[in-house]
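Descriptive analysis of the structure
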Amino acid sequence: MSAYAAPVQDLIDELGRLPGVGPKSAQRIAFHLLKLPKQDALRLARAITEVKDRVAFCQRCFNVCEGDECAICLDDRRDATVVCVVEEPRDIVAVEKTGEFSGRYHVLQGAISPIEGVGPDQLRVKELLARLEPEGVVEVILCTNPNIEGEATAMYLSRLLQPLGLTVTRIASGLPVGGDLEYADELTLGRALEGRREVDAG
Ligand SMILES: [Zn+2]
């Protein structure tokens with residue numbers, strides 16, 4: 001039996017499923033929400049409902065979008081032959097800010113992480129492979145985070161993609177190791193993109 005009324009315990013359980021929210025934080029947030037004026041709490045509930053109703057993932061690249069495809073995929077001025085592979089939609093924002101990239105993207109929706117039980121099957125890898133030929137892709141830039149999971153993901157993808165006769169490149173080092181792309185400044189990330197090198201998967 002929980003010490004709390006069932007609806008409170010449900011809320012704590014749901015919050016505890018969010019990334020980075022441990023049991024203690026889940027309790028703290030739940031009690032914060034309980035104390036909020038009703039209209040403030042409902043605004044949060046509505047924002048969640050809205051985002052689930054109106055925003056989906058692009059059918060081509062898995063960026064967030066309203067409608068079937070995102071604005072980048074729909075923009076025919078962009079170079080369809082170069083695809084920049086990133087972990088999350090927020091990484092697209094980071095790369096776009098550099099102004100150094102005019103191709104398309106592919107969002108994996110995560111990175112390989114044995115500790116968290118995430119393998120290639122949980123990522124949008126199949127969907128990436130399916131795009132390559134129909135879209136005439138000649139270069140894939142592996143723009144995953146410069147940390148253990150991101151490097152493992154880049155290595156896995158380069159082994160998968162190189163036999164297909166594509167140019168597979170990895171963004172240059174120089175980014176803070178262990179960090180996330182989204183925290184890199186535009187100039188550093190722009191240089192890392194510009195200085196990308198062909199991967200030697202061996
Ligand atoms: Zn898209």
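The structure we're discussing is the one just above.
As a starting point, this report considers the structure included with it. (Residues numbered from 1 in each chain as written. Predicted model: local features only at pLDDT ≥ 70, side-chain atom pairs only at ≥ 80, totals over all residues. Heavy atoms only, no water.)

**Quick look at the sheet that holds strand S3 (residues 79-86)**
Spatially, S4-S3-S5-S6-S7 is the arrangement adopted by the five strands of the open sheet, whose pairing is mixed. Where the open sheet ends on each side, the last strands, each with one partner, are strand S4 (103-107) and strand S7 (197-198). Pairing of strand S5 (residues 139-142) with strand S6 (residues 167-170) involves four bridges; the strand directions are parallel. Residue pairing in the sheet places Glu139 in a bridge with Thr167 of S6. Against the sheet, helix H5 (residues 89-98) engages S3 and S4, with an angle of about 155° to S4. (Pairing = 2+ DSSP bridges. Helix = DSSP H or I, 4+ residues; strand = E, 2+ residues; numbered from the N terminus. Contact = heavy atoms within 4.5 Å. Axes fitted to C-alpha atoms, helices over the stretch in contact; angles between N-to-C directions.)

**A short note on the coordination of the zinc ion**
In ideal tetrahedral geometry, four donors around a metal make angles of 109.5 degrees, whereas ideal octahedral geometry with six donors gives angles of 90 or 180 degrees. Here the zinc ion is held by the protein donor atoms Cys58 (SG), Cys61 (SG), Cys70 (SG) and Cys73 (SG), which lie 2.3 Å from it. Around the zinc ion sit four donor atoms, and with donor-metal-donor angles ranging over 104 to 119° the site reads as tetrahedral. The motif formed by the donor residues of the zinc ion, counted along the single chain, is C-x2-C-x8-C-x2-C. Judged by relative accessible area, which is 2%, Cys70 ranks as buried. (Donors = N, O, S within 2.8 Å, 3.2 Å for Na, K, Ca; no water. Tetrahedral: all angles 85-135°; square planar, octahedral: opposite > 155°, others 65-115°. Buried < 20%, exposed > 50% of the residue type's maximum accessible area, 1.4 Å probe, protein only.)

**A look at the nonpolar core**
Of all hydrophobic cores here, the largest spans 24 residues; its most connected members are Cys70, Val86, Val95, Phe101, Tyr105, Cys143 and Ile171. Mapped by element, the contributors of at least two residues to this core are helix H4 (71-74), S3, H5, S4 and helix H8 (186-194). For Ile171, the residues in contact, after removing those within four places along its chain, are Ile141, Leu142, Cys143, Thr144, Leu181, Ala192, Leu193 and Arg196. The next biggest cluster of nonpolar side chains, apart from the first, holds 17 residues, and it includes Leu132, Val137, Leu142 and Ala154. (Core = buried A, V, L, I, M, F, W, Y, C linked by side-chain atoms within 4.5 Å.)

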